[in-house]
Amino acid sequence: MTVTVSVEAPLAIVQVDNPPVNALSHAVREGLMNAVREIESNDAVKAAVLLCKGRTFIAGADIREFGQPPKEPHLPDVINAIEACSKPWTAAIHGTALGGGCEVALGCHHRVAVPDARLGLPEVNLGLIPGAGGTVRLPRVIGVDAALDMITSGKPVGAQKALEMGLVDALSGNDDLEAFARNHARQTIDSSVASDRPAFPPAEWNDEKWEEAIGAIRKKARGQQSPVEAALAVRDACTLSLEDAQRAERERFVKLRDGDQSKALRHVFFAERQTAKIDELKDIAPLEIKAAGIIGGGTMGAGIAASMLLAGIPVTMVERDDEAADAGKGRVFKTLEASHKRGLISDEKLENLKEAFTASSDYASLADADLVVEAVFEDMAVKKQVFDALEKHCRADAILATNTSYLDVNEIAATAEKPERVIGLHFFSPAHIMKLLEIIRTDTVSAETLATGFALAKRMRKIPVLAGVCDGFIGNRILASYRKQCDYMLEDGASPAEIDSAMRNFGMAMGPFEMQDMAGLDIGWANRKRLAPNRDPNERYVKIADRLCELGRFGQKTGKGWYLYEEGSRKGKPDPDVAAIIDEERAKAGISPRSFTEEEIQNRILQAMTTEGKNILAEGIARTAADIDMVMILGYGFPRWRGGPMFAGGVKDQ
Ligand code: 3H9
C-alpha cells in the first residue's frame, strides 16, 4: 500500500510509502484522498500526522506522469480536501518537501521538520509553476516577498530558515521526528498551537511594485517563461479571491505543462540523471582515491585542485619550478578563500584544506598519488613529456589523466606502460564551479579506470558524460561547428554584434564572438593552426578570425578582439577596423553581403549543432543524444529550457 492510515486514538498516522522519493503518483493521491475520508468519518480520531517512509517527505508530483492523461483525483483537490478536513493535520517533514510535496505540507494545518530537512517549490526548474495551491498558500504563510523569491527562483530553504519564515512551526531532533510530530499533533487538538501569519494581501504590493518585480524577473529569465508565470500567479494570489487565484494558477500550470519549455526541462531533468548510468560499469568497483596529483598550476590546474580539495581529496600540485609552484599555490588558496568568504566553508575547514594541499617542483612528490591529472599547455609534445615523467615517478597502479580539450588521448595512452590506466578527464573552467566533466574513453582504458573517473565525478559533485576520442570530444567538436557556421554568416553579411545578439536572444549565456573575446582568440587560432595540415582544401575557410589574431587582437585581455574594449571595461563596442577586415575578406571571396534575420541566424546555428551531434552519435563518440544535450547545456551555456541542441533539433533517444 502506498498510503496507510493507522488509528491510534486520538491520532491517525498517515504514512506515504512510494520509493524512491514518495512522488505524488496516482496511487498516492488516491490514498491521501481516502485517508481524509477515513479520518473525517472516524470519531475517535481528533488529529492526523502525515509522514513519509524512506529517505524523504514527498518530493513532488510524479514527473513521469506529466506526459500522460491526468487521472483523478487531481492534486489540488486532494490538498483542498486535507485543508478542509475538520481534524487538524500535522505534516512531519524529513528529507525534501518539494513541489507538490511542499504544497501538501502547506495544505496541512501544521508543519514540523527535522533540522536537516529542506522545503521548496522548484517547479520553475521544470518549466512549471506550483500547480496545487503553492502560489496561493505560500504568500499567505510566509509573506509575499519571501514567497515570490522562493517560487520564482525555485530554490529550497533549509528547515531552520523555514522555521524563521514561519513555513514550519517547530523543529524536532534529527532522530525523533515521529514522536515529536505526534506530540505536536496532540497539542493541535484543542487548537492551542497557533501560528503568526503576515497581513495579507500586503498594502505595499501595488501595481507599480508588481510591474517592477515582474520586469526584473522577466529580464533575468532570459526567455524562460516559468519564472514570469510564477510571479504572475503570486500576483493573482494577492489580487484575486482564493478560489479564482487557485483556478488561475491551475490554468497557468496546465498551459506550461503542455508547452515546449516544460517538455524540454523535464527531458533535462532525466538526462542529467542518466549520464552516469553506464551499464557495463554497473558491477565494477572504482579504485579509492585517497590522494591526487595535479600537473600545472595555471587557471585550470588550480581550479581542479581546489575542486578536489573541496571534495575532501588531498592534492599535490607539481609545477616546473618553485616560483611557478608558489604561483599555483596562490591561485588554489585564492579560490578556497573565496569559498570561505562566501560562507561555504568554515575557518577551520579552510585551514584543513590548505594543509591538505602541497605545491612542489618535484615529480617524486607524487609517489603516493592514486590519480594524477595533467593540466599543462595544450601541446602533444609537452603532454607526452609530462606522461613520461609520471611513468617514472607514480605508482604503477595510479590512474593518469589528461585534461586535454582536443588532443588525441589514444596517442597519449599509447606511450604509457599501462595504457589501461590512462584516461581523459576534461574539466571546464572555472573547474571548481562548472558542473560538467567529460570522461574520455580511450581504446585501451580499463573498466576499473573508467568507473573510478565516474566515482570521482560524483564525489566532486560533477555531472560526468562519457565521450570517445575525436578532435574536441563532444563539446568542443560541436562548438567548432557552431563557430564555423558563425564565420560563414559573418562572411556572408551578418555582423558579430548581430550574431551575438541573436544567440543571446536564443537564450545562450553569451554570443559566440563576445565569448571568444572573453576566452581569448589565441586559443582557437592555435587550434586552427594545429588542424591546418589536415584540412580539406575544398572546405570553405573563413580567414577573418586569423586576420584579427595576426594583428594581436586576442580579445578582452589585449583590449581588442571582435570588439573594442575601453580600459577596464568588459563590455565591447563594435570596431570599425574589424568591420573593414570583414569587408576586405568578403570582397576577396567575391561575396556581396546580404542581411540575415535573427531567426535565420538562430536556426542555422542550431542546425549546425544538431547535425554535428548526429555525426558524433553515429560515430559512437557520445552514448546518447541526451548526453550531448547535457554537455552543451552544462559546459557551453546552451539554454536549459530548450532542452539542448539534440532535443531542440528533434533528435531524441529511443
Ligand atoms: C510538481 O510537484 C508540480 C506540482 O506543483 C503540481 C502538480 C499538480 N517524479 O534525483 P535523484 C526520481 S513538479 C518522478 O537521483 P537525490 C529520479 O528520476 C515536481 N521521479 O535522488 C531518480 O530516478 P532513477 C517538483 C522522480 O537523492 C530517483 O527518483 N519536484 C521525481 O539526488 C532518485 O532521484 C521536484 O522538482 C519526481 N518528482 O535527490 C523535485 N523526483 O533512480 C525533483 C525524483 O530512476 N527531484 N525522481 O534515476 C529532486 O530534486 C531530487 O530527485 C531529490 C532527491 C532532491 C528529491
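About the criteria used
- Residues numbered from 1 in each chain as written.
- Predicted model: local features only at pLDDT ≥ 70, side-chain atom pairs only at ≥ 80, totals over all residues.
- Heavy atoms only, no water.
- Near = heavy atom within 4 Å.
- Polar contact = N/O pair within 3.5 Å; in protein donor to acceptor, adjacent residues only side chain to side chain.
- Helix = DSSP H or I, 4+ residues; strand = E, 2+ residues; numbered from the N terminus.
- Axes fitted to C-alpha atoms, helices over the stretch in contact; angles between N-to-C directions.
- Parallel < 35°, antiparallel > 145°, perpendicular 65-115°, else oblique.
- Left-handed = near helix turned anticlockwise from the far one by under 90°.
- Contact = heavy atoms within 4.5 Å.
- Nonpolar A, V, L, I, M, F, W, Y, C, P; charged D, E, K, R; others polar.
- Buried < 20%, exposed > 50% of the residue type's maximum accessible area, 1.4 Å probe, protein only.
- Pairing = 2+ DSSP bridges.
- Domains from an automatic or database assignment.
- Core = buried A, V, L, I, M, F, W, Y, C linked by side-chain atoms within 4.5 Å.
- Phe/Tyr/Trp six-rings, centres within 6.5 Å; stacked < 30°, edge-to-face > 60°.
- Lys NZ or Arg CZ within 6 Å of the ring centre and 35° of its normal.

Hey, could you run me through the site of the ligand in this one?
Of all residues adjacent to the ligand, which total 27 residues, the nearest are Gly100, Glu103, Glu123, Arg273 and Lys277. Here Ile63 contributes a backbone N or O atom positioned 2.9 Å from a nitrogen atom of the ligand. Contact distances for the ligand include 2.3 Å between an oxygen atom and a side-chain N or O atom of Lys277. Among the elements of the structure, strand E5 (96-98), helix H3 (100-107), helix H10 (242-257) and helix H11 (260-274) are those that each provide at least two residues to the shell around the ligand. In terms of residues, the shell around the ligand owes the most to one element, H11, which gives three residues.

Looking at this model, I keep getting lost on the packing of helix H8 (residues 207-221) against helix H9 (residues 226-239). Mind explaining?
Axes are the key here: two packed helices are described by the angle between their axes and the distance separating the axes. As a packed pair, H8 and H9 sit with axes 8 Å apart at the nearest point and diverge in direction by 160°. Taken together, the axes of H8 and H9 lie roughly antiparallel to each other. In the crossing of H8 with H9, the sense of the turn from one axis to the other is right-handed. Listed contacts from H9 to Trp210, Glu211, Ile214, Ile217, Arg218 and Ala221 of H8 are Pro227, Val228, Ala231, Leu232, Val234, Arg235 and Cys238. Of the residues that constitute the contact of H8 with H9, the class distribution is ten nonpolar, no polar and three charged.

When you look at the environment of Val318 in this model, what are you seeing that I'm missing?
You can see Val318 is positioned in strand E11 (residues 315-318). Under the relative-accessibility criterion, Val318 is labelled buried at 1%. Once the C-alpha coordinates of Val318 and Thr358 are considered, the two residues, 40 residues apart in sequence, prove to be 8.6 Å apart. Apart from the residues within four sequence positions on either side, Val318 is in contact with Ile294, Ile295, Gly296, Ser360, Ser361, Asp362, Tyr363, Ser365 and Leu366.

Which parts of the structure should I look at to understand the sheet that holds strand E7 (residues 118-120)?
Pairing is mixed in the open sheet, where three strands are placed in the order E5-E7-E8. Only two strands of the sheet have a single partner each, and these edge strands are E5 and strand E8 (157-158). For E7 and E8, the ladder comprises two bridges, and the chain directions are antiparallel. Paired with Arg118 across the two strands is Gly158, which belongs to E8. Strands E5 and E7 of the sheet are contacted by H3, whose axis makes an angle of about 90° with E5.

Please explain the domain arrangement of the protein chain as it appears in this structure.
A common way to state how big an interface is: give the accessible area lost once the parts meet. Domains assigned within the protein chain are domain 1 (3-258), domain 2 (290-467) and domain 3 (481-620). Inter-centroid distance (C-alpha atoms) of domain 2 to domain 3 is 32 Å.

Explanation requested: the nonpolar core in the structure shown.
A general feature of soluble globular proteins is that nonpolar side chains tend to end up buried together. The biggest cluster of nonpolar side chains holds 84 residues, and the ones touching the most others in it are Leu32, Leu50, Phe57, Trp89, Ile93, Leu138 and Leu167. Counting residues per element, this core draws most heavily on H9, at seven residues. Other than its neighbours up to four places away in sequence, Ile93 contacts Phe57, Ala105, Arg111, Val112, Ala113, Val114, Ala117, Leu119 and Leu177.

Would you mind going over the packing of aromatic side chains with me for this structure?
Given two aromatic rings, their pairing is described by the distance between the two centres and the angle made by the two planes. Inspection of the entire model under this criterion finds eight aromatic pairs. Taking 6.0 Å as the distance between ring centres and 75° as the angle between the ring planes, the aromatic pair formed by Phe66 and Phe253 counts as edge-to-face. Taken together, the residues span a long stretch of sequence, with Phe66 in the loop between strand E3 (47-52) and helix H2 (75-84) and Phe253 in helix H10 at a distance of 187 residues. Across the pair, Phe253 and Phe66 agree in class, each one buried. Considering the side-chain rings of Phe269 and Phe270, the 5.1 Å spacing of their centres and the 90° angle between planes classify their relative orientation as edge-to-face. The exposure class assigned to Phe269 is partly exposed, which follows from its relative accessible area of 24%. A residue is classified by how much of its surface remains accessible, and Phe270, at 27% relative accessible area, is partly exposed. The ring of Trp525 has Lys529 sitting right over it, with the charged end atom 3.6 Å from the ring centre.

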